[in-house]
Amino acid sequence: MSDVKTYAVLGLGIFGSAVAKTLARSGMDVIAIDSNMDAVENAADVIPNAIQADCQDLKALREAGCGNAETAVVAMGSHLEDSIIAIMNLRELGVKQIIAKANNNRYRYVLERVGAAEVVEPEKEMGRRLAGTLLSPNVVDLSRLDESYSLLEVKAPKEWISHSLKELELRSRYGVNVIGIKRSGNGTMSADFTGDTIISETDTLVVVADMKKFSSLKLD
């Protein structure tokens, strides 16, 4: 069975183009659609199946093959009416998972009601990430999972160095659950650790954190 999945990306602005190109470079089959020919040509160097078409046109989406996509991303965040019609068209074509971009909470509410399984607000998420890294320089990545928990990459603070995970008691003291460790010289995460694993100065810990408890942790 092939691991290559088919994605449709509707709207090739900065966000949509980045999503479409990243998926294509990862070896996925991508159908990229925008009514603006310049946007289509900009994507065509990476995405062979980049098409100029009206995302509100059900026939055009069907002819482009959007009905074959397992997942579709509606990336027209500033055009609510266009997004609504695009989502309705994709639902009619039988696309199982529809992810939509929204510019604000009101748009989010509407897009969820018309059938988007997930709604993202990239600007808000990037703002949260930037604020998190500015407030805690040791936090090199931040992705909110829900209202309480976030996925973080945390550079080992001084007080953790040369101590074992068991000694640090991170879960009970700070609501931090370690799921992986990145060692120096190795950019990949390893889950090969135990409570006896000693934290070194160059380690980065991948954790799921209860942000209410985590905020009390000093990361100097």
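Model, not experiment: these values are computed from the prediction.

How each quantity is defined
Residues numbered from 1 in each chain as written. Predicted model: local features only at pLDDT ≥ 70, side-chain atom pairs only at ≥ 80, totals over all residues. Heavy atoms only, no water. Helix = DSSP H or I, 4+ residues; strand = E, 2+ residues; numbered from the N terminus. Buried < 20%, exposed > 50% of the residue type's maximum accessible area, 1.4 Å probe, protein only. Areas by Shrake-Rupley, 256 points an atom, 1.4 Å probe, with all protein chains shown as cover. Salt bridge = Lys/Arg side-chain N within 4 Å of Asp/Glu carboxyl O. Core = buried A, V, L, I, M, F, W, Y, C linked by side-chain atoms within 4.5 Å. Pairing = 2+ DSSP bridges.

Caption draft 1: Highlighting the overall build of the chain. In terms of helices and strands, the chain carries nine helices and ten strands. Within the chain, buried positions represent 43% of all 220 residues. Surface accessibility of the chain: about 12300 Å² in total, with carbon and sulfur atoms responsible for 50%.

Caption draft 2: Region of interest: the pattern of salt bridges. Counted under the stated rule, the structure contains six salt bridges. Here Lys182 makes a salt bridge to Glu153, at a shortest N to O gap of 2.9 Å. Of this pair, Lys182 sits in strand β9 (residues 176–182) while Glu153 sits in strand β8 (residues 149–155), placing them 29 residues apart in sequence. Each of Arg108, Glu112, Arg113 and Glu121 takes part in salt bridges that share partners, so that together they form one network.

Caption draft 3: Representation of the nonpolar core within the structure. Residues Leu10, Ile33, Cys66, Val74, Ile87, Leu90 and Leu111 are the most contacted members of the largest nonpolar core, which totals 30 residues. Elements with a minimum of two residues in this core: β1 (6–10), β2 (29–34), α3 (58–64), β4 (71–74), α4 (80–92), β5 (97–101) and α5 (105–113). Residue contributions to this core peak at five residues, all from α4. Core analysis: the second largest hydrophobic core is formed by 18 residues, Trp160, Leu168, Tyr174 and Val207 among them.

Caption draft 4: Seen up close, the pairing of β5. Where burial is concerned, most of β5 is hidden: four out of the five residues are buried. Relative to β5, β4 runs parallel, the two being bridged by four bridges. Bridge assignment links Ala72 to a residue of β5, and that residue is Ile98. Pairing geometry for β5 and strand β6 (residues 118–120), over three bridges, is parallel. When the bridges of β6 are listed, Lys101 appears paired with Val120.

Caption draft 5: Molecular detail of unusual backbone geometry. One non-glycine residue, Ser162, lies in positive phi territory at about 75 degrees. Checked against the element boundaries, Ser162 lands in the loop between β8 and α7 (165–168). The exposed category is assigned to Ser162, whose relative accessible area is 55%. Of note, the phi angle at Glu169 is positive, near 50 degrees, even though the residue is not glycine.

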